[in-house]
Amino acid sequence: PRVEQQSSSQSLPFIPLLFPRAVHLHWSPDVTELLRSGNKLQCSSFILAVGHNAASFLSAYVLASANWDAAGRALAWNERSRSGAGRSGEESACVFYRHKDEPSVLICNVTCHIAEDQLFEWTEKVFDCLQSRELAVTVLSDRSVADYKTPDYLCSSSAPFLRSLHSSAFADRPVCPSLEQPNIITGLPAAVLNHCQVHRIAAVVYQCYSDVAGPDSVTVESYKPVLNKLGRSIQVNSPPSTDVLRKFLRSAEIQSNLYI
Amino acid sequence: PYYTSICTPIVDDCLNVPAVAVGNVGQLAVDLVVSTLNMSRVGYFHTDCLIPMAGNNPYASCKDDTEELHTPAEVYTAAELKLAVLQIRAPILQTRSKRFRQQLVSWIKASGFSRTVVLSSSHAYQRDDQQLQGTPLRYLITPSLLTTSADALKELSWREMERMPAFPGVKDADAEPRLCIPGGGITKGLYTDSCAEDLPLAVLLLFCSEGDNIPDAFALVNHLNDWLHLLDEPNRKWKVPSSWSLLFGSGIPPALF
């Protein structure tokens, strides 16, 4: 599996049949040029959103300010990829954005499923492109409250709520309580956190446990405490209007009419 | 490339490795060893062969060390006992089982452990008539380790894992009885690789089924202790780690009743 470093174009490059599950990164021309000359992306802050609500939060509260350039995307085809013909369905699923005035701030919205056998490769390939000195990583992640284990039964009014996990190199204070035993995190947030722990990069994961499975404005708003920690370059002037929020929270497809 | 050391390199220790196997008994047993002996983490086994997961310190005993991130495979040591342990917390990706074994074997060779003990388990329901009787504990040992440990094993009167006929009930003179560890994950592969590589390695396994495997973990770790004498003071007990809480889910909603 190799990293495809070509400019993003209308038609996707041919992905070899031999490694259909390989992770491919497609950067914008200037980033590609930078990487090709042997350099890495200067990055002081990498913010990753995993899940629809986390991605909607970043889209509505941060990316909507129009100070961001699309920097690239990652493709990871697996059995859960939904697309009619070829890979076109995944074009918008793992998108990188760079701040126009402070290009060392990088955001990535991940709304597709990255399979277990692709997680490590996705993480290594992305972090390979970033210089890791002074890098701070923040991950926002959606999770079902059914996965949260607690001795006292949680009634649904307590959800959504945040819990955090951080690498040893993270010196700041998280905005919410730490994830209690015996809970763990899995998936892309775990893969990123593992990488940061082993490579001594400051990283924090904010996991939002929600009782709503699909896009939900209450869940999206529960990430608000994280805004203060995202760095001075990310200024949110005012909370987004409901119209803006609605745009990002298109209701989930009705896949079954069993419960209409 | 996959082993990242935090500090002090490990040399000449005895290594304990659990196999991800039925009931996770080996891993639970290792949890007891690390928790009781207060072992310190000395390295990460950072590999793409395991499913990623992360959590806070599973062995936290006081408020100070609860917020410490732990990864799917880590190495712990107890220097005074010359013991090292590799704890594996996540399943091995199905298509990478052989590669994981190779990584493990080459790391064991490179680290120079005096001996390696694999803690494992096997499906109880696949035992044949002979295996149904007596103790559910078994051992295997490579020729390389047998030369040094033969006497200890004789004293313990442990039962060696039986070779199974290839086609039970069918009289076939050509079919050699072979080693079979159903539900043992990479145990058999690790054992045969170690024989081929002349590594001093032993396997300790328990026949069990999925369920509440805590008693099985205690049985296996006590069995290990009979040989390695990790816990020698008569009144000392194994310490259950805080991560063992809620093994079967959250508290029950009172409205259910």
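Just so we're clear, the structure is a prediction, and the values are computed from it rather than from any experiment. (Residues numbered from 1 in each chain as written. Chains lettered and ligands numbered in written order. Predicted model: local features only at pLDDT ≥ 70, side-chain atom pairs only at ≥ 80, totals over all residues. Heavy atoms only, no water.)

What follows deals with the overall build of chain B. The number of helices and strands found in chain B is five helices and nine strands. Going from N to C terminus, chain B has its helices and strands arranged as β-β-α-β-β-β-β-α-β-β-α-α-β-α. Taking 2.2 N^0.38 as the reference for a compact globule, 257 residues should give roughly 18 Å; the C-alpha atoms of chain B span a radius of gyration of 19 Å, in line with that estimate. By its C-alpha atoms, chain B is 65 × 55 × 45 Å across when sized along the principal axes. (Helix = DSSP H or I, 4+ residues; strand = E, 2+ residues; numbered from the N terminus. Rg over C-alpha atoms; globule rule 2.2 N^0.38 Å.)

This brings us to unusual backbone geometry. Cis geometry marks the peptide bond from A:Ala159 to A:Pro160; its omega dihedral reads 0°. Note on placement: A:Pro160 falls in the loop between β6 (136-144) and β7 (161-166). With a phi angle near 50°, B:Lys82 is a residue other than glycine that sits in the positive phi range. Position of B:Lys82 relative to the elements: it lies in the loop between β5 (73-78) and β6 (83-88). Its relative accessible area of 43% is what places B:Lys82 among the partly exposed residues. With phi around 55°, B:Leu246 is a residue other than glycine that occupies positive phi space. By the secondary structure assignment, B:Leu246 is in the segment after α5 (214-228). (Buried < 20%, exposed > 50% of the residue type's maximum accessible area, 1.4 Å probe, protein only.)

At the junction of the two partners, chain A supplies 32 residues and chain B supplies 33 residues. Contact with chain B buries surface across chain A, with A:Phe120, A:Gln181 and A:Val198 losing the most and accounting together for 24% of the total. The tally of links between chain A and chain B comes to zero salt bridges. Of all the elements in the fold, those that place two or more residues in the side of chain A that touches chain B are α3 (119-128), β7, β8 (185-186) and α4 (187-198) of chain A. At eight residues, the largest contribution of residues to the side of chain A that touches chain B is made by α4(A). Looking at side-chain class alone, the side of chain A that touches chain B contains 14 nonpolar, 13 polar and five charged residues. Alignment of β8(A) against strand β4 (residues 53-54) of chain B, held across two bridges, turns out to be antiparallel. Bridge pairing in β4(B) links A:Thr186 to B:Met53. (Contact = heavy atoms within 4.5 Å. Buried area = accessible area lost by both parts, 1.4 Å probe. Salt bridge = Lys/Arg side-chain N within 4 Å of Asp/Glu carboxyl O. Nonpolar A, V, L, I, M, F, W, Y, C, P; charged D, E, K, R; others polar. Pairing = 2+ DSSP bridges.)

Take the sheet that holds strand β4 (residues 94-99) of chain A next. All names here are of chain A. If you walk across this open sheet you meet the eight strands as β1-β3-β4-β5-β2-β6-β9-β7, and the pairing is mixed. The open sheet has two edge strands with one neighbour each: β1 (23-27) and β7. Going across the sheet, the axis of each strand differs from the next one's by a mean of 20°, ignoring polarity. Across five bridges, β4 lies against strand β5 (residues 105-110) in antiparallel orientation. The residue bridging Cys94 from the neighbouring strand is Val110, located in β5. The sheet contacts of helix α2 (residues 52-61) involve β2 (45-50), β5 and β6, and relative to β6 the element is tilted by about 130°. (Axes fitted to C-alpha atoms, helices over the stretch in contact; angles between N-to-C directions.)

All right, on to helix α1 (residues 25-36) of chain B then. Residues and elements named next belong to chain B. With 12 residues, α1 should cover 16 Å at 1.5 Å per step; its first-to-last C-alpha distance of 16 Å lies within 8% of that length. If you check which residues of α1 are buried, you get Val25, Gly26, Gln27, Leu28, Ala29, Val30, Asp31, Leu32, Val33, Val34, Ser35 and Thr36. Buried residues in α1 make contact with β2 (14-18), β5, β6, β7 (115-123), β9 (201-208) and α5. The first or second residue beyond α1 is Asn38, which carries a positive phi of 50°. (Expected span 1.5 Å × (residues − 1).)

Looking now at the nonpolar core. Across soluble globular proteins, nonpolar side chains have a tendency to be buried as a group. One finds A:Phe46, A:Leu48, A:Phe96, A:Val110, A:Trp122, A:Phe127 and A:Val137 to be the most contacted residues of the largest nonpolar core, which totals 48 residues. Once residues lying within four places of it in the same chain are set aside, the contact partners of A:Phe46 are A:Phe96, A:Leu106, A:Cys108, A:Val126, A:Phe127, A:Leu130, A:Leu135, A:Ala136, A:Val137 and A:Thr138. (Core = buried A, V, L, I, M, F, W, Y, C linked by side-chain atoms within 4.5 Å.)

Right, let's talk about the environment of B:Pro241 for a bit. Residue and element names in this part refer to chain B. With respect to the secondary-structure elements, Pro241 resides in the segment after α5. Residue Pro241 is classed as buried on the basis of its relative accessible area, which comes to 5%. Residues Pro241 and Leu201, spaced 40 residues apart in sequence, show a C-alpha to C-alpha distance of 27 Å. Apart from the residues lying within four places of it in its own chain, the contact partners of Pro241 are Asp31, Leu32, Ser35, Pro58 and Tyr59.

Let's shift gears to the confidence of the model for chain B. Residue and element names in this part refer to chain B. The pLDDT averaged across chain B works out to 90; a share of 96% of its residues lies at or above 70. The least confident element of chain B is strand β1 (residues 3-5), whose mean pLDDT is 74; the most confident is β4, at 97. Across the interfaces of the predicted complex, the ipTM metric reaches 0.91, alongside a pTM of 0.89. (pLDDT = per-residue confidence, 0-100.)

Between side chains of opposite charge, a pair can form as their charged atoms come close. One pass over the full model with this rule turns up 15 salt bridges over all chains. For A:Arg21, the salt bridge goes to A:Glu79, with nearest N and O atoms at 2.8 Å. Of this pair, A:Arg21 sits in the segment before β1 while A:Glu79 sits in the loop between β3 (68-76) and β4; the two residues are 58 residues apart in sequence, bridging distant segments of the chain. Judged by relative accessible area, A:Arg21 falls into the partly exposed class, the value being 27%. When the shortest N-O distance is used, the salt bridge between B:Arg138 and B:Glu162 registers 3.1 Å. Of this pair, B:Arg138 sits in strand β8 (residues 137-141) while B:Glu162 sits in the loop between α3 (143-156) and α4 (187-196), placing them 24 residues apart in sequence. In this pair, the class of B:Arg138 matches that of B:Glu162, namely buried. A network of salt bridges, in which partner residues are shared, links A:Arg21, A:Glu79 and A:Asp117.

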